[in-house]
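Descriptive structure summary
Listed here are the chains, written in short residue letters.
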Amino acid sequence: MAPSEVELILARQLADGLAVPVLLVDGRGDTVFFNEPAEVLFGRRFDEVDALPFEARTALLAPRYADGSPLTIEQLPGMRAMRERRPAHVAFHMHGLDGVLRPVEATAIPLESARGHVLGAFVVLWAQEAAARVPPGAA
Amino acid sequence: MKITVWGSRGSIASAGPETVRYGGNTACVSVESDDAICILDAGSGLRRAGLVFTGDARPIHLLLTHLHMDHIQGLGFFRPLFESGRTIHLWGPPSTTQDLRTRLTRYLSPPLFPVRIRDFGADVELHDAPVESWLADGFEIHAAALIHPGPTLGYRISAGGRSVAYLSDHEPALGGPLIRTRWISGFDLAVRADVLFHDGQYTTDEYRQRVGWGHSSVEQAVAFADLAGAARLVLFHHEPDHDDTMVDDMLEQARSARQNGSADAAREGLVIDL
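Residues numbered from 1 in each chain as written. Chains lettered and ligands numbered in written order. Predicted model: local features only at pLDDT ≥ 70, side-chain atom pairs only at ≥ 80, totals over all residues. Heavy atoms only, no water.

**Observations concerning the overall build of chain B**
A tally of regular secondary structure across chain B gives 6 helices and 14 strands. Relative to a compact globule of 274 residues, whose C-alpha radius of gyration would be 19 Å, chain B shows 17 Å and is just as compact. Projecting the C-alpha coordinates of chain B onto the three principal axes gives extents of approximately 50 × 40 × 40 Å. Counting the 274 residues in chain B, one finds 59% classified as buried. (Helix = DSSP H or I, 4+ residues; strand = E, 2+ residues; numbered from the N terminus. Rg over C-alpha atoms; globule rule 2.2 N^0.38 Å. Buried < 20%, exposed > 50% of the residue type's maximum accessible area, 1.4 Å probe, protein only.)

**Comments concerning the overall build of chain A**
Helix and strand content of chain A: 5 helices and 5 strands. Helices (α) and strands (β) of chain A occur, in sequence order from the N terminus, as α-β-β-α-α-α-α-β-β-β. Compactness check: chain A gives a C-alpha radius of gyration of 14 Å against a globular reference of 14 Å for 139 residues, within 12% of the reference. In terms of overall dimensions, chain A has C-alpha extents of about 40 × 30 × 25 Å along its principal axes. A buried classification covers 48% of the 139 residues belonging to chain A. Considering only contacts within chain A whose residues lie at least 6 apart along the sequence, 49% involve residues at least 24 apart. Split by element, the accessible area of chain A, about 6,500 Å² in all, is 56% carbon and sulfur. Separation between the mean location of the 13 positive side-chain charges and that of the 18 negative ones in chain A comes to 4 Å. (Contact = heavy atoms within 4.5 Å. Areas by Shrake-Rupley, 256 points an atom, 1.4 Å probe, with all protein chains shown as cover. Lys, Arg positive; Asp, Glu negative; His and termini not counted. Charge placed at Lys NZ, Arg CZ, Asp CG, Glu CD.)

**Some remarks on the packing of aromatic side chains**
As enumerated under the stated definition, the model contains 11 aromatic pairs over all chains in all. Measuring from ring centre to ring centre gives 4.7 Å for Phe34(A) and Phe42(A), while their planes differ by 40°; the resulting arrangement is tilted. Phe42(A) carries the same exposure label as Phe34(A), and that label is buried. Here Tyr166(B) and Phe236(B) contribute two aromatic rings whose centre-to-centre distance is 5.4 Å and whose plane-to-plane angle is 65°, an arrangement assigned as edge-to-face. Here Phe236(B) lies in strand 12 (residues 232-236) and Tyr166(B) lies in strand 10 (residues 162-167), a separation of 70 residues in the sequence. Overall, Tyr166(B) belongs to the buried group, its relative accessible area being 0%. (Phe/Tyr/Trp six-rings, centres within 6.5 Å; stacked < 30°, edge-to-face > 60°.)

**Focus: the packing of helix 5 (residues 218-228) of chain B against helix 6 (residues 244-257) of chain B**
All names here are of chain B. At their nearest, the axes of helix 5 and helix 6 sit 10 Å apart, and the two run at 35° to each other. Between helix 5 and helix 6 the crossing geometry is right-handed. Contact residues: helix 5 offers Val218, Glu219, Val222 and Asp226, while helix 6 offers Met250, Gln253, Ala254 and Ala257. Here the residues of the contact of helix 5 with helix 6 are counted per class, giving 5 nonpolar, 1 polar and 2 charged. (Axes fitted to C-alpha atoms, helices over the stretch in contact; angles between N-to-C directions. Left-handed = near helix turned anticlockwise from the far one by under 90°. Nonpolar A, V, L, I, M, F, W, Y, C, P; charged D, E, K, R; others polar.)

**Brief notes about helix 5 (residues 77-84) of chain A**
Residues and elements named next belong to chain A. By the burial criterion, the buried members of helix 5 are Pro77, Gly78, Arg80, Ala81 and Met82. Residues of helix 5 that are buried sit in contact with strand 1 (22-26), strand 3 (88-95), strand 4 (101-112) and strand 5 (118-127). Where helix 5 ends, the next residue or the one after it, Arg85, has phi of about 55°, a positive value.

**Looking at the pattern of salt bridges**
Residues and elements named next belong to chain A. Throughout the structure, instances matching the rule amount to 18 salt bridges over all chains. As a salt-bridge pair, Arg85 and Glu112 come within 3.3 Å of each other at their nearest N and O atoms. Separated by 27 residues along the polypeptide, Arg85 in the loop between helix 5 and strand 3 and Glu112 in strand 4 bring together distant segments of the chain. Here the salt bridges do not stand alone but share partners, grouping Arg80, Arg83, Glu84 and Arg86 into one network. (Salt bridge = Lys/Arg side-chain N within 4 Å of Asp/Glu carboxyl O.)

**So, the sheet that holds strand 11 (residues 195-199) of chain B**
Residues and elements named next belong to chain B. In space, the 7 strands of this open sheet follow the order 7-8-9-10-11-12-13, with mixed pairing throughout. Of all the strands in the sheet, the pair left with one neighbour each is strand 7 (134-136) and strand 13 (262-265). For this sheet, the mean angle separating the axes of adjacent strands, direction not counted, is 25°. Two strands pair when backbone bridges link them, and strand 10 and strand 11 are joined in this way by 4 bridges, in the parallel orientation. By the bridge assignment for strand 11, Tyr166 is matched with Phe197. Contacting strand 12 and strand 13, helix 6 crosses the sheet at an angle of about 170° to strand 13. (Pairing = 2+ DSSP bridges.)

**Observations regarding the environment of Gln73(B)**
Residues and elements named next belong to chain B. Tracing the chain through its elements places Gln73 in the loop between strand 4 (60-63) and strand 5 (87-92). By relative accessible area, which is 23% here, Gln73 ends up partly exposed. Separated by 32 residues in sequence, Gln73 and Asp41 have C-alpha atoms that sit 9.6 Å apart. Residue contacts for Gln73: discarding those within four places in its chain leaves Thr26, Ala42, Gly43, Ser44 and Tyr107.

**Digging into helix 1 (residues 46-53) of chain B**
All names here are of chain B. All of the buried residues along helix 1 are Leu46, Ala49, Gly50 and Phe53. Projected onto a plane normal to the axis of helix 1, the buried residues spread over an arc of 105° and lie on a single side. Contact partners of the buried residues in helix 1: strand 1 (2-7), strand 2 (28-32), strand 3 (37-40) and strand 4. Downstream of helix 1 by one or two residues, Gly55 has phi in the positive range, about 80°. (Arc of directions from axis to C-beta.)

**Thoughts on the sheet that holds strand 3 of chain A**
Residue and element names in this part refer to chain A. Ordered by their spatial adjacency, 5 strands build an open sheet running 2-1-5-4-3, and the pairing between neighbours is antiparallel. Both outer strands of the open sheet, strand 2 (31-34) and strand 3, are each paired with one neighbouring strand and no more. Direction aside, the axes of adjacent strands within the sheet are offset by 25° on average. Direction of pairing for strand 3 relative to strand 4: antiparallel, over a ladder of 8 bridges. Each bridged residue has a counterpart across the sheet, and for Ala91 the counterpart in strand 4 is Glu105. Of the strands in this sheet, strand 1, strand 2, strand 4 and strand 5 are in contact with helix 1 (residues 6-16), which crosses strand 1 at around 170°.

What follows is the structure, encoded as structure tokens:
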């Protein structure tokens, strides 16, 4: 596997030291890391799943709004942040890899290099009961 | 490929009797072929390189890792820049906010320096180092961002099947333990390089006091070189407060620790023929 960009390396190190759940995706949307607090939300240790291709992660997590309608790829916070090159906030439900459905909120920040390339997104997650009260499409 | 060290010191020039063997000039290394000259960094060592390369008809490519003073302060004293009719290519780290010329002009303009870039006699062509490898008069050059404060690059120069990697200011340990190569900054630049110039500024104890300053310990430099499979590690960017005896001791530590390659410490005048 090719070495990561230095910005992703530093973002991973930051995430590793934070107490809030963080998911790190690369420019394609593939999960390249989630930290220990995020393991509670994903229902699996990162070392057990390692890097998840975007399609596999989306299929397993099955993200959906509170009314059950699925999030499209374009609505996923990391993808939105990278496409729009600005932070994106979304409230939704997702299945952990342990099969448990959890309401969460996520704020994704695009990681843009000094060369002007979007290399990925830094996604901070919260387990929030309030997410269930957010109407579909409001995010 | 002929490699010459013109400056091996980090942070600030530190000339004196206690540094006479390894030298007190800051970062500058030239890489020559029959067809071209690449110069890595423009520290105070660049002045002496300029004396040798004045009148040399080969094209010059100056590759800047970053714009800290110890890597650019030699620019204004590089004689080929004052040679009328000569073209010199200056490559540096890109930025989304200001171009390379604007950033260099902060130094190369009054009151810090009396001569502006436009007043050099040579035609200076400034380039943002591209993401992809590029060819420069027979050299294949690859640049990649490194862990160091501010936009900073490392370089790999290849020609005739040989390669030299130059990671002068680099703190890969800030990205985590030096174990999984995917998560090690600068790794792809150094893989199986014949010669690897790598930051080895600190002792292990000094590093513990200076985490985040952008530099490495000898122990980390050796671990990085071994993981990358670099044949010859050259410790670089010597701490200005380290005298020759101290650098001798650090070199001995590196030689003892290397698992699959040799170790040297950069000193002014060191020539490596590849």
